[in-house]
Amino acid sequence: MKFKQQALKPGIDSLKTSLNSMNANTEEIDNLRQSNDNLRKKLEHLERHSRDFNIRVLGVSEEDGEDCMAIILDYIARLRFEHAVAEVENAHRTGKNQGERPRHIIAKLYSRPFKRKLCQAAKNADGKVELNEVRFVEDFTPSDFETRKNALPLMRRREESLFHKGKTFCRWKGSLGHIEIINLNIGLMIAYIFFLVF
């Protein structure tokens, strides 16, 4: 019996060493996953910040050899911002040519306040007439675009809703209280509910 135990001891020791090594590797993998998640969040934050100066222009017909900067400045002038040349840093088409459908134009602006004024002017009734089916919209990150797309049905039902920096804000008011949806993620709703009894 002792002989069998002594014969098994090196195998057991080897298994213990392997198990300890696996535990260390599992811990290292968990640390790498956490680090990767943190880096993704930072990258998303940086991309969101960079895109915060952009507007995406939809519905502009595409031609060979076009000057996107001139096109953007023309549409901005139609919205009564005639002296906005100094406000636009750059403009270009995005993505691959999709045949009949024109690609979007991304315009990089120098200031957020000008961007807000421009988007407001494009959304009002006079602006819509001047732009003739061309739309100025936010340039969302891919993940923000998906989150907003999933939140749109909810946002359409609310008078007060806003999508800002990856978060959806909606407000319900009723006789029982007040509910605020602070964040709506893909397939998962995280809600902070505040009941204010009237």
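Residues numbered from 1 in each chain as written. Predicted model: local features only at pLDDT ≥ 70, side-chain atom pairs only at ≥ 80, totals over all residues. Heavy atoms only, no water.

**A few points about the overall build of the protein chain**
Along the protein chain, the regular secondary structure elements total five helices and eight strands. Starting at the N terminus and walking to the C terminus, you meet the elements of the protein chain as α-β-α-β-β-α-α-β-α-β-β-β-β. Of all 198 residues assigned to the protein chain, the portion counted as buried reaches 28%. Residue pairs in contact within the protein chain that sit at least 24 positions apart in sequence constitute 48% of those at least 6 positions apart. Roughly 14600 Å² of accessible area belongs to the protein chain as shown, and the carbon and sulfur atoms make up 54% of that amount. (Helix = DSSP H or I, 4+ residues; strand = E, 2+ residues; numbered from the N terminus. Buried < 20%, exposed > 50% of the residue type's maximum accessible area, 1.4 Å probe, protein only. Contact = heavy atoms within 4.5 Å. Areas by Shrake-Rupley, 256 points an atom, 1.4 Å probe, with all protein chains shown as cover.)

**A closer look at the pattern of salt bridges**
Per the stated rule, a full pass over the model turns up 13 salt bridges. For Asp139, the salt bridge goes to Arg51, with nearest N and O atoms at 3.1 Å. Of the two residues, Asp139 sits in the loop between strand E4 (135-138) and helix H5 (142-157) while Arg51 sits in helix H1 (residues 2-51), which places them 88 residues apart along the sequence. Arg80 is the partner of Glu130 in a salt bridge, and the nearest nitrogen-oxygen pair spans 3.9 Å. Here Glu130, found in helix H4 (residues 125-131), pairs with Arg80, found in the loop between helix H2 (68-78) and strand E2 (88-93); they are 50 residues apart in sequence, far enough to count as distant. The exposure class of Glu130 is partly exposed, given its relative accessible area of 31%. (Salt bridge = Lys/Arg side-chain N within 4 Å of Asp/Glu carboxyl O.)

Shape is all these values report; function is a separate question.
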